[in-house]
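Listed below, chain by chain, are the residues.
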Amino acid sequence: MIRSGRPSAARNSQAICDALCQIAPPSGRALELASGTGQHVVSLARAMPALTWQPTEIDTARRTSIDAHAADAALSNVAPAVALDATAPGWGGQHPGQDLIFLSNLLHLVSETEARCVIQEAALALAPGGLLAIYGPFMRDDALTSAGDAAFHASLQAQDPEIGYKSDFDVVDWGGAARLEFAGMIEMPANNLLICWHKPSQGHGPQPAA
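**Considerations on the overall build of the protein**
Stage number 1. From N to C terminus, the protein includes six helices and six strands.
Stage number 2. Listed N to C, the secondary structure of the protein is α-β-α-β-α-β-α-β-α-α-β-β in terms of helices and strands.
Stage number 3. Relative to its length of 210 residues, the protein is compact, with a C-alpha radius of gyration of 16 Å against a globular reference of 17 Å.
Stage number 4. Counting only C-alpha atoms, the protein reaches 45 × 45 × 30 Å along its principal axes.
Stage number 5. Counting the 210 residues in the protein, one finds 50% classified as buried.

**Overview of a negative patch on the surface**
Stage number 1. A contiguous patch of negative charge on the surface is contributed by Asp141, Asp142, Asp170 and Asp173.
Stage number 2. With respect to the helices and strands, the residue Asp170 is situated in helix α6 (residues 168-177).
Stage number 3. On the basis of relative accessible area, Asp170 is assigned to the partly exposed category, the value being 33%.

**Section: the environment of Trp91**
Stage number 1. Its location among the elements puts Trp91 in the loop between α3 (60-73) and β3 (98-104).
Stage number 2. Trp91 sits 82 residues away from Asp173 along the chain, and the two C-alpha atoms are 21 Å apart.
Stage number 3. Excluding residues that lie within four positions of it along the chain, Trp91 makes contacts with Leu31, Leu33, Leu84, Asp85, Ala86, Val118, Glu121, Ala122 and Ala125.
Stage number 4. Within the structure, Trp91 has its side chain in polar contact with the backbone oxygen of Ala86 (distance 2.9 Å).

**Considerations on the nonpolar core**
Across soluble globular proteins, nonpolar side chains have a tendency to be buried as a group.
Stage number 1. Core analysis: the biggest nonpolar cluster contains 28 residues, and Leu33, Ile119 and Leu132 have the highest contact counts within it.
Stage number 2. Secondary-structure elements contributing two or more residues to this core are β1 (28-33), β3, α4 (112-125), β4 (126-137), α6 and β6 (192-198).
Stage number 3. The element best represented in this core is α4, accounting for six residues.
Stage number 4. Those residues within four positions of Leu132 in sequence are excluded, and the remaining contacts are Ile101, Ile119, Ala122, Leu126, Leu180, Ile195, Cys196 and Trp197.
Stage number 5. The next biggest cluster of nonpolar side chains, apart from the first, holds 25 residues, and it includes Val42, Leu100, Leu131 and Cys196.

**What about the sheet that holds β4?**
In any sheet, the strands associate via hydrogen bonds between backbone groups, in a parallel or an antiparallel arrangement.
Stage number 1. As summarised here, the arrangement of the six strands in space is β2-β1-β3-β4-β6-β5, forming an open sheet in which the pairing is mixed. The open sheet is flanked by β2 (51-55) and β5 (181-188), the only strands paired with a single partner. Each neighbouring strand pair of the sheet contributes to a mean axis angle of 20°, computed without reference to strand direction.
Stage number 2. Relative to β6, β4 is paired through seven bridges, and the arrangement is antiparallel.

**Re the environment of Pro128**
Stage number 1. Along the polypeptide, Pro128 turns up in strand β4.
Stage number 2. Pro128 sits in the partly exposed class, given a relative accessible area of 40%.
Stage number 3. Sequence spacing of Pro128 and Asp99 is 29 residues, and the spatial spacing of their C-alpha atoms is 7.9 Å.
Stage number 4. Excluding its chain neighbours within four sequence positions, the residues that come into contact with Pro128 are Lys199, Pro200, Ser201 and Gln202.

**Here we look at the packing of aromatic side chains**
Stage number 1. Applying the stated criterion across every chain yields a total of one aromatic pair.
Stage number 2. A ring pair is formed by Phe152 and Tyr165, whose centres lie 6.0 Å apart and whose planes are at 85°; its orientation type is edge-to-face. Of the two residues, Phe152 sits in helix α5 (residues 147-159) while Tyr165 sits in the loop between α5 and α6, which places them 13 residues apart along the sequence.
Stage number 3. Take Phe152: its relative accessible area is 35%, and that puts it in the partly exposed class.
Stage number 4. Assessed through its relative accessible area of 6%, Tyr165 is described here as buried.

**Regarding the packing of helix α2 (residues 39-47) against α3**
Stage number 1. Interaxial distance between α2 and α3 falls to 8 Å at its minimum, and their mutual angle equals 35°. Pair α2 / α3 crosses with right-handed handedness. Seen from α2, the contacting residues are Gln39, Val41, Val42 and Arg46; seen from α3, they are Ile66, His69, Ala70 and Ala73.
Stage number 2. Across the contact of α2 with α3, the residue classes tally to five nonpolar, two polar and one charged.

Cut-offs applied
- Residues numbered from 1 in each chain as written.
- Predicted model: local features only at pLDDT ≥ 70, side-chain atom pairs only at ≥ 80, totals over all residues.
- Heavy atoms only, no water.
- Helix = DSSP H or I, 4+ residues; strand = E, 2+ residues; numbered from the N terminus.
- Rg over C-alpha atoms; globule rule 2.2 N^0.38 Å.
- Buried < 20%, exposed > 50% of the residue type's maximum accessible area, 1.4 Å probe, protein only.
- Patch = residues over 30% accessible without salt bridge, like charges linked within 9 Å, V, L, I, M, F, W, Y side chains within 5 Å.
- Areas by Shrake-Rupley, 256 points an atom, 1.4 Å probe, with all protein chains shown as cover.
- Salt bridge = Lys/Arg side-chain N within 4 Å of Asp/Glu carboxyl O.
- Lys, Arg positive; Asp, Glu negative; His and termini not counted.
- Charge placed at Lys NZ, Arg CZ, Asp CG, Glu CD.
- Contact = heavy atoms within 4.5 Å.
- Polar contact = N/O pair within 3.5 Å; in protein donor to acceptor, adjacent residues only side chain to side chain.
- Core = buried A, V, L, I, M, F, W, Y, C linked by side-chain atoms within 4.5 Å.
- Pairing = 2+ DSSP bridges.
- Axes fitted to C-alpha atoms, helices over the stretch in contact; angles between N-to-C directions.
- Phe/Tyr/Trp six-rings, centres within 6.5 Å; stacked < 30°, edge-to-face > 60°.
- Left-handed = near helix turned anticlockwise from the far one by under 90°.
- Nonpolar A, V, L, I, M, F, W, Y, C, P; charged D, E, K, R; others polar.

Coordinates in, geometry out; function isn't part of it.
What follows is the structure, given as structure tokens:
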């Protein structure tokens with residue numbers, strides 16, 4: 001099988017693993033959205049072997065790469081990649097009972113409507129007590145905080161004015177609108193953030209509407 005890779009994924013993989021290992025559930029089912037080439041899910045599955053990982057990706061070639069990386073790693077806790085568009089309504093009900101859902105570097109590449117859909121569907125897919133963790137570059141309170149981020153955001157909006165960096169506070173609020181409980185925001189290398197929410201346990205708060 002053909003596998004591909006991104007230098008950025010290789011650079012940030014260890015930092016993501018280190019952060020998630022501190023907050024992830026000790027065992028259960030983990031769903032990675034928009035798994036890309038498969039580099040992250042292999043690192044995550046190796047770092048958290050008691051979680052069973054399900055990678056997903058809309059692109060056929062990338063699903064091939066994910067499966068190739070998993071085969072090379074010979075990990076028993078990574079399932080074959082499945083097709084899933086994280087920005088499309090309806091997938092949350094098709095993947096219920098997730099103890100952890102992880103997404104990396106997607107929200108700045110999609111519209112606000114699509115980003116909110118990702119969070120709403122993830123809320124539906126989470127098991128009570130489950131964790132949603134979203135990694136990537138964000139504005140800080142509606143402000144871009146580095147020249148590099150400002151240039152990248154401008155280049156994205158030149159391609160499509162509907163996409164670009166989202167404000168951290170807005171993203172936190174979208175989780176709340178999906179009836180998730182904000183669980184923290186972790187500063188990551190290269191000016192990225194890891195934003196996290198828990199789904200309330202049964203009987204301990206409102207559940208996402210169907």
